[in-house]
Amino acid sequence: MSNSYQTPRVPAVDQVGVEERAARFNTRSIKKGAKLAGLDMAISMIDLTTLAGDDTPGKVRMLCRKALRPSATLETPQVAAVCVYPSMVKVAVEELAGSKINVASVATYFPSGQTTMRERLEDVKSAVGDGASEIDMVINRGAFLSGEYARVFDEICQVRAACGDAHLKVILETGELHTYDNVRLASQIAIDAGAHFIKTSTGKISPAATMPVTLVMLQTIRDHYLQTGKMVGMKPAGGIRDTKTALRYLIMVKETLGDAWLNPDWFRFGASSLLNDLLMQIEKQHSGHYHSSRYLSIS
Amino acid sequence: MWDYAPAPQSTEMVKLKKRYGHFIDGEFVEPEGATYFKTVNPATEEPLAEIASADEATVDRAVKAARKAYETVWRDMPGAERAKYIYRIARIMQERARELAVLETMDGGKPIRESRDVDVPLAAAYFFYYAGWADKLEYAFPGAKPTPIGVAGQIIPWNFPLLMAAWKIAPALAAGNTVVLKPAQTTPLTAMLLAEIFQEAGLPAGVVNFVNGAAETGSALVNHPDVDKIAFTGSTGVGKLIQRQIAGTDKRLTLELGGKGANIVFDDAPIDQAIEGIVNGIFFNQGHVCCAGSRLLVQESIHDEVMAKLKTRMATLRVGDPLDKNTDVGAINSAAQYKRIQELIEVGVAEGAELHQAQCSLPSTGYFLAPTVFTGVTPSHRIAKDEIFGPVLSVLTFRTPEEAIQKANNTAYGLANGVWTDKGSKLFKMANALNSGVVWGNTYNRFDPTSPFGGFKESGFGREGGRHGLLGYLNIG
């Protein structure tokens, strides 16, 4: 496979232009009904995430309960998925049994991915075996930066095969790719290799998701759709903490890809603290004032 | 479907008077027996106010006030003192930015997003910039001894009423001149607000005077014997007329006239950013932009891809109420301009070019036009030659850089062009070969007070902005 792989030709990206375009979305003004609809939509797109060294079964169960019922007082949609390390997949699957919420797991030796291919594939298989229905893999940034694009492509193909029926989200870790041109190329390689979703970041590297980086990825998805008719999903992750930012991302998705992408099948937020901010804003829309964060359960 | 709810900008901070006269010698004046015309909100077709039309006597009064202020106050004031007034004007414009933006949108039809984010901040920036030059004129032209010219007569267009006033007034004042300015007939209101700001800033009486009116008022100003300099921005036709009228006098003249800019897109361009540049080039301010990129020159090999992406992008443009914060394309400035654009669109169809218009619902009242693109245009089409001054793009193709240069330069105008390529050497080669005052590289319609702007050929002469912008208001002896 590697020998026959041709590096895709992708359009150049002008840094000034893409950042200017991304900033334009910030000037949209979302009010009233459109805002409430946007808030609900954002909740339904969240991959509620805990990826810490001190995660315990108890903490994961707490997060699953929050996913099932984000607010004790408000009627809101459930989140799209709970995202955990492979060791916690079983706990999450058990807690979410019977619900529509997916269990996503970061595999392939997240976040660095710096181990042998055999071990990365084993990591994926074990997470899928434990019941994860979505796998968030990291690409081999070292291989990408040394120009081994065929290897990057090949590894994603192998992970995709190891996923079986589980959906594959490919994390580019854009903060380590450094240029928009690299982001555009990596997005295309991941899409060509069969990614169901492309995702910006692990959340462990700064900068994580940004609007311009996400825009470049959305434009890659749009061009792929125009050429092949096939849709690919998008997941910005890390750094999206408040409602204002989340709505700006939704505006950008709507105006770049269209309404067809505005649902959890095609767009996700990788976030944890975003959920409570969205709930605060919904409460504000209903009652006219903010309530204390004491009324919100921790997540 | 996730639709944006209406997000209307409140207009309550704008206090409109029923009638406006002129601003002469530091006061608002309404000469007896004056005739009045109405200024209309092009988005609603409702009149906003009545405006007095200045006759020769009123223009004379304004010029006399300017002369007096020049000789008794402004000319001999130390530059650092003049700068204080100009800085103060800029700061008050910032304080009253929202009011200025809303009024600009009501009177002219441009989207509030543009008046709020472009026109008003940029207008203030020009005052800030030129305030900085007021006490450094001798450093601007080393070895020379720059002195002011005297009374400047200035005539500005309706597409950027406040911004064009700033472009004209700020360098004139910094250089020590006094001003009589005629705002455009369809958009006089922000100038009246600017006059209030001058009062608030304590600008000495007569340093800046505004006379309202149409062509006759402009003509009276141009022909006034005590005006030392004419600065005009507007159509090439009127520019030629002015040049004939002042021939044989010792009046100085700068003209910023029409354009038919080419936006040249090579196959190695950053395509998605180029699409934004094309959209910004022709649909910014409804295409009422003298430097608009109204001709798209696209390399043949990527024509279909660019057109497909452009049409997709155009479908997301929101056309309608200019006061809605989410509107991208507002109202055509006047009934007359609307008619002219419609006529040229009909010409394009009759000449056999292929018409594409964005599918958008337009308000039933007001002068609204869907963003329009013609493909299959050749240099012999009228829509490739005439300045349409509306949201209408003519698409031509080329095969080589030489052909692109030839086609881009095949126009009577020479104001601005854009070049889109990822290759720096090609960009500089093109920039040197294009006959226009401005060449933008991988961007379009970008303005900055530090950067000179102006034309070649029938786009006029003289530069506004930057150090060069001072030259039009100074004698370099």
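Residues numbered from 1 in each chain as written. Chains lettered and ligands numbered in written order. Predicted model: local features only at pLDDT ≥ 70, side-chain atom pairs only at ≥ 80, totals over all residues. Heavy atoms only, no water.

*Asks:* Tell me about the pairing of strand β4 (residues 134-138) of chain A, and please be specific about residues and values.
*Replies:* All names here are of chain A. Among the five residues that make up β4, five are buried, leaving the element largely enclosed by the rest of the structure. Sheet analysis places strand β3 (residues 102-106) next to β4, joined by three bridges and oriented parallel. Following the sheet pairing, V106 is matched in β4 by D136. Regarding the hand of the β-α-β motif, the stretch spanning β3, helix α5 (residues 117-129) and β4 is right-handed. (Buried < 20%, exposed > 50% of the residue type's maximum accessible area, 1.4 Å probe, protein only. Helix = DSSP H or I, 4+ residues; strand = E, 2+ residues; numbered from the N terminus. Pairing = 2+ DSSP bridges. Right-handed = clockwise from strand over helix to strand, strands pointing away.)

*Asks:* Can you tell me about the pattern of salt bridges, naming the residues and giving the values?
*Replies:* Scanning the entire structure with this criterion turns up 52 salt bridges over all chains. Between K84 of chain B and E81 of chain B there is a salt bridge, with its nearest N and O atoms 3.1 Å apart. Taken as a pair, K84 of chain B and E81 of chain B lie in helix α2 (residues 79-95) at a separation of three residues, close to a single helical turn. For E81 of chain B, a relative accessible area of 33% corresponds to the partly exposed category. Salt bridges sharing common partners tie together R21, R24, R28 and E255 of chain A together with E276, R313 and D328 of chain B. (Salt bridge = Lys/Arg side-chain N within 4 Å of Asp/Glu carboxyl O.)

*Asks:* So what's going on with the state of the cysteines? Residues and values would help.
*Replies:* Tallying each qualifying case throughout the model produces zero disulfides over all chains. Of all cysteine sulfurs, the one in C290 of chain B lies closest to C291 of chain B, which takes part in no disulfide; the gap is 4.7 Å. (Disulfide = S-S within 2.5 Å.)

*Asks:* Before we move on, could you go through the pairing of strand β5 (residues 167-171) of chain A and cite the residues and values that matter?
*Replies:* Residue and element names in this part refer to chain A. Burial analysis of β5 places four of its five residues in the buried class, which makes it a mostly covered element. Inspection of the sheet shows β4 paired to β5 by five bridges, in the parallel sense. Bridge pairing in β5 links E134 to H167. In this structure, β5 lies alongside strand β6 (residues 197-199), joined through three bridges in parallel fashion. Bridge pairing in β6 links V170 to I198. In terms of handedness, the path from β5 via helix α8 (residues 180-192) over to β6 forms a crossover that is right-handed.

*Asks:* Tell me about the domain arrangement of chain B, and name the residues and values.
*Replies:* Residues and elements named next belong to chain B. The assigned domain composition of chain B is domain 1 (19-257 + 459-475) and domain 2 (262-441). For domain 1 and domain 2, the distance between their C-alpha centres works out to 30 Å. Taken together, the contact pairs 26 residues of domain 1 with 28 residues of domain 2. Regarding the contact of domain 1 and domain 2, the summed buried area is about 2200 Å², with carbon and sulfur atoms giving 57% of it. When the buried area of domain 1 at its contact with domain 2 is split by residue, P42, W158 and S459 rank highest and sum to 23% of it. Here domain 1 and domain 2 share zero salt bridges between them. Joining domain 1 to domain 2, the criterion identifies twelve residue pairs in polar contact (both at pLDDT 80 or more). Going through the elements one at a time, α3 (97-108) and α4 (112-133) are the ones with two or more residues in the side of domain 1 that touches domain 2. (Domains from an automatic or database assignment. Contact = heavy atoms within 4.5 Å. Buried area = accessible area lost by both parts, 1.4 Å probe. Polar contact = N/O pair within 3.5 Å; in protein donor to acceptor, adjacent residues only side chain to side chain.)

*Asks:* Could you give an account of the sheet that holds strand β17 (residues 416-420) of chain B, naming the residues involved and the relevant values?
*Replies:* Two pairing modes exist for strands in a sheet, parallel and antiparallel, and in both the strands are linked by backbone hydrogen bonds. Residues and elements named next belong to chain B. Here seven strands make up an open sheet; going across it, the order is β14-β15-β16-β13-β12-β17-β18 and the pairing mixed. Whereas interior strands pair on both sides, the edge strands pair on one side only; in this sheet they are β14 (354-357) and β18 (438-441). Adjacent strand axes in the sheet meet at a mean angle of 20°, parallel and antiparallel pairs treated alike. As paired strands, strand β13 (residues 295-299) and strand β16 (residues 392-398) are joined by five bridges and run parallel to one another. Looking at the pairing, Q299 lines up with F398 of β16. Contacts from helix α10 (residues 271-283) reach β12 (262-265), β13, β15 (372-375), β16 and β17, with the element oriented near 170° to β12. (Axes fitted to C-alpha atoms, helices over the stretch in contact; angles between N-to-C directions.)

*Asks:* Can you lay out the packing of α10 of chain B against helix α11 (residues 303-314) of chain B for me, pointing to particular residues and giving the numbers?
*Replies:* Helices that pack against each other are described as a pair by the angle of their axes relative to one another and the distance between those axes. All names here are of chain B. Relative to each other, α10 and α11 sit at 60°, their axes nearing to 10 Å. One way to sum up the angle between α10 and α11 is to call them oblique. Crossing handedness for the pair α10 and α11: right-handed. Judged by residue contacts, I271, D272, I275, E276, I278, V279 and F283 of α10 engage E305, V306, K309, L310, R313 and M314 from α11. In terms of residue class, the contact of α10 with α11 is built from eight nonpolar, no polar and five charged. (Parallel < 35°, antiparallel > 145°, perpendicular 65-115°, else oblique. Left-handed = near helix turned anticlockwise from the far one by under 90°. Nonpolar A, V, L, I, M, F, W, Y, C, P; charged D, E, K, R; others polar.)

*Asks:* Lay out the nonpolar core with the relevant residues and their values.
*Replies:* In terms of nonpolar packing, the biggest core is built from 115 residues, with M93, I169 and F210 of chain B touching the most fellow members. Among the domains, domain 1 (19-257 + 459-475) and domain 2 (262-441) of chain B are the pair contributing at least three residues each to this core. Not counting the four nearest positions on each side in its chain, M93 of chain B is found in contact with L100, V120, A123, A124, F127, L162, L194 and I197 of chain B. Of all hydrophobic cores here, the second largest spans 98 residues; its members include I46, L63, I139 and W261 of chain A. (Core = buried A, V, L, I, M, F, W, Y, C linked by side-chain atoms within 4.5 Å.)

*Asks:* So what about the UniProt feature "domain: Aldehyde dehydrogenase" (unreviewed entry) in chain B? Which residues, and what values?
*Replies:* The UniProt record annotates "domain: Aldehyde dehydrogenase" (unreviewed entry) at residues 28-476 of chain B. Summarising residues 28-476 of chain B: 41% helix, 18% strand, and an end-to-end C-alpha distance of 35 Å. (UniProt positions renumbered as here; feature names shortened; annotations may be inferred.)

*Asks:* Pulling in residues and values, what's your account of the interface of chain B and chain A?
*Replies:* Facing 28 residues of chain B, the contacting portion of chain A comprises 30 residues. Between chain B and chain A, roughly 2500 Å² of surface is buried when both sides are summed, and carbon and sulfur atoms account for 50% of that area. Summed over the three residues of chain B that lose the most area to chain A, namely W2, Y4 and Q273 of chain B, the buried surface amounts to 31% of that side. Scanning the region where chain B abuts chain A turns up seven salt bridges. A salt bridge links E20 of chain A to R446 of chain B; the shortest N-O distance between them is 2.2 Å. For the pair chain B and chain A, the interface holds 14 residue pairs in polar contact (both at pLDDT 80 or more). Sorting the residues of the side of chain B that touches chain A by element identifies α4, α10 and α11 of chain B as the ones contributing at least two each. Top element by residues in the side of chain B that touches chain A is α10 of chain B. It accounts for four residues. Across the side of chain B that touches chain A, the residue classes tally to nine nonpolar, five polar and 14 charged.

*Asks:* I'd love a proper account of the environment of T44 of chain B, names of residues and values included.
*Replies:* Residue and element names in this part refer to chain B. Among the structural elements, T44 can be located in the loop between β4 (35-41) and β5 (46-53). A residue is classified by how much of its surface remains accessible, and T44, at 35% relative accessible area, is partly exposed. In this structure, T44 is in contact with T365 and G366, ignoring residues within four places of it in sequence.

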